[in-house]
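Tertiary structure, described
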Amino acid sequence: AYAMFWRSMLLWLRDSASRTLLTILSVAMAILLGVGFSPYIQQGYVYEPPLPEPLNPWCPNLLDCTVPASVEGLEQLLFFLTVALGSVTGMVGARVFSGDILVIKREGNAGVSTLLQGVIKLLVDLIGVILYSSIFAGTWIPLGHPGEAQDWFALCISLGVAASGVGSAVSLAIDRDNSLLVATVLSLCFAAFCGVYPRYKSLNNAQWFWDLFYSRWAAEATYTLYTAHLDEQGQDIQRGADEIGFTIGRFGFDLGIMWVLGFAYRVIALIVLEYEVHGGVDLSKLGRRFQHCCCFANKSKETK
């Protein structure tokens, strides 16, 4: 196991082209998103809390002072942060098993445990996820967003762990050449379940389905982190969060759920890997069909 781990590490270290690309993407995503929502740069505020409840009697009749005065910027941030960081870390996960199934099968036939190979690959992948998530957070924080630096690092790493788990699960069915594009599409799909539109509170009996997506917990954690300084000032932030259906003040719980989901996605990936190697199931056909539907396939059908 020790030798296999270091072999995987060496293979990861030798892939300098991918590391350079993902580092550039991490920095670029953080700058583009951070500049757009930075209080230092844009006019106005990303979020303005509701009027304090004791002042509601003086609220003009034409205004609803029970909701945030400005929340559109924060709601957009909840979506785009998941897309930006989810795309980069999803790309890391989408390259874990893509193109390596034949090698895993060959080593499995030689007596090497398939499960052990999968776990080691996922551990090496986790190192990259933490690296690129930290690069994203380190670029994001200086742009002036509210929240403690260590909390932003914790949020970005937790989101990255969850997003890369999804990527590792789908890496079993996609080509390595298309893994980056597929990861981007998946991050967009997952971001749609962040709970902002449609409102999480309006889902009623379908809320459990949204809870299966890491974006829902990432959005709630981001809402808590971005408004924590106002909550400490005595502002009633929960009234604004109630408009979406979020519960603020449980930042650690939200991060914990993302880690649980990231672990669950990886367990699914290992189960599917075991089934594909020993069960003779070829998921690449399903993957090629998905890539063709997404207009990613640029090659004709493979011939036997």
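Reference entry: report on the structure contained in this document. Just so you know, these numbers come straight off a predicted model, no measurement behind them. (Residues numbered from 1 in each chain as written. Predicted model: local features only at pLDDT ≥ 70, side-chain atom pairs only at ≥ 80, totals over all residues. Heavy atoms only, no water.)

As for the overall build of the protein
The number of helices and strands found in the protein is 12 helices and zero strands. From first element to last, N terminus to C terminus, the protein shows the α and β order α-α-α-α-α-α-α-α-α-α-α-α. Nonlocal contacts in the protein, meaning residues at least 24 apart in sequence, comprise 80% of its contacts between residues at least 6 apart. Taken as a whole, the protein presents about 15200 Å² of accessible surface, with 65% of it coming from carbon and sulfur. (Helix = DSSP H or I, 4+ residues; strand = E, 2+ residues; numbered from the N terminus. Contact = heavy atoms within 4.5 Å. Areas by Shrake-Rupley, 256 points an atom, 1.4 Å probe, with all protein chains shown as cover.)

Looking at the pattern of salt bridges
Following the criterion strictly, the structure yields six salt bridges and no others. Here E220 makes a salt bridge to R250, at a shortest N to O gap of 2.8 Å. Within this pair, whereas E220 is found in helix 9 (residues 214-232), its partner R250 is found in the loop between helix 10 (237-241) and helix 11 (251-279), the two being separated by 30 residues in sequence. For E220, a relative accessible area of 0% corresponds to the buried category. Between R250 and D254 there is a salt bridge, with its nearest N and O atoms 3.9 Å apart. What you see here is one network of salt bridges that share partners, running through D211, R216, E220, R250 and D254. (Salt bridge = Lys/Arg side-chain N within 4 Å of Asp/Glu carboxyl O. Buried < 20%, exposed > 50% of the residue type's maximum accessible area, 1.4 Å probe, protein only.)

Some words on the packing of helix 5 (residues 114-140) against helix 6 (residues 149-170)
Helix packing geometry: the angle between the two helix axes and the distance between the axes. For the pair helix 5 and helix 6, the least separation of the axes is 8 Å and the interaxial angle reads 140°. By the angle between their axes, helix 5 is oblique relative to helix 6. As helix 5 packs across helix 6, the resulting crossing turns out to be right-handed. Here helix 5 contributes L122, D125, L126, V129, I130, S133, S134, F136, A137, G138 and W140 to the contact with helix 6, which in turn contributes W152, F153, C156, I157, G160, V161, S164 and S168. Among the residues making up the contact of helix 5 with helix 6, the classes are represented as 12 nonpolar, six polar and one charged. (Axes fitted to C-alpha atoms, helices over the stretch in contact; angles between N-to-C directions. Parallel < 35°, antiparallel > 145°, perpendicular 65-115°, else oblique. Left-handed = near helix turned anticlockwise from the far one by under 90°. Nonpolar A, V, L, I, M, F, W, Y, C, P; charged D, E, K, R; others polar.)

Some details on the environment of T23
With respect to the helices and strands, the residue T23 is situated in helix 2 (residues 16-37). Residue classification places T23 among the partly exposed residues on the basis of a relative accessible area of 28%. The contact partners of T23, leaving out residues within four places of it in the chain, are Y132 and I135.

Description of the side chain of T227
With respect to the helices and strands, T227 occurs in helix 9. Its relative accessible area of 1% is what places T227 among the buried residues. Side-chain polar atoms of T227 contact the backbone oxygen of Y223, separated by 2.7 Å. (Polar contact = N/O pair within 3.5 Å; in protein donor to acceptor, adjacent residues only side chain to side chain.)

Focus on a nonpolar patch on the surface
On the surface, L115, V119 and L123 cluster together into a nonpolar patch covering about 230 Å² of accessible area. Relative to the helices and strands, L123 resides in helix 5. (Patch = residues over 30% accessible without salt bridge, like charges linked within 9 Å, V, L, I, M, F, W, Y side chains within 5 Å.)

Let's talk about the nonpolar core
Grouped together as the largest cluster of nonpolar side chains are 58 residues, with contacts concentrated most on L77, F136, L155, Y214, Y223, F246 and M258. For this core, the elements supplying multiple residues, two or more each, are helix 2, helix 3 (72-94), helix 5, helix 6, helix 7 (179-191), helix 9, helix 10 and helix 11. With 10 residues, helix 3 is the single largest residue contributor to this core. Contact partners of M258, with chain neighbours within four places excluded, come to L155, S158, L159, A162, Y214, W217 and A218. The next biggest cluster of nonpolar side chains, apart from the first, holds nine residues, and it includes L122, L172, L270 and L273. (Core = buried A, V, L, I, M, F, W, Y, C linked by side-chain atoms within 4.5 Å.)

Describing the packing of helix 3 against helix 5
Two elements in contact, helix 3 and helix 5, have axes whose closest approach is 9 Å; the angle formed by their N-to-C orientations is 145°. When you trace helix 3 past helix 5, the crossing you get is right-handed. When helix 3 is examined against helix 5, the residues L77, L81, A84, L85, V88, T89, V92 and G93 are found in contact with a partner set consisting of D125, V129, Y132, S133, F136 and W140. Here the contact of helix 3 with helix 5 is composed, by residue class, of 10 nonpolar, three polar and one charged.

What to know about the packing of aromatic side chains
One pass over the structure, following the stated rule, counts 15 aromatic pairs. Consider the rings of F79 and F80, whose centres lie 5.1 Å apart with planes at 85°: the pair is edge-to-face. Judged by relative accessible area, which is 39%, F80 ranks as partly exposed. Between W152 and Y226, the aromatic rings sit 6.4 Å apart at their centres with planes inclined by 85°, giving edge-to-face as the arrangement. Of this pair, W152 sits in helix 6 while Y226 sits in helix 9, and the two are 74 residues apart along the sequence. Assigned by exposure class, W152 and Y226 land together as buried. (Phe/Tyr/Trp six-rings, centres within 6.5 Å; stacked < 30°, edge-to-face > 60°.)

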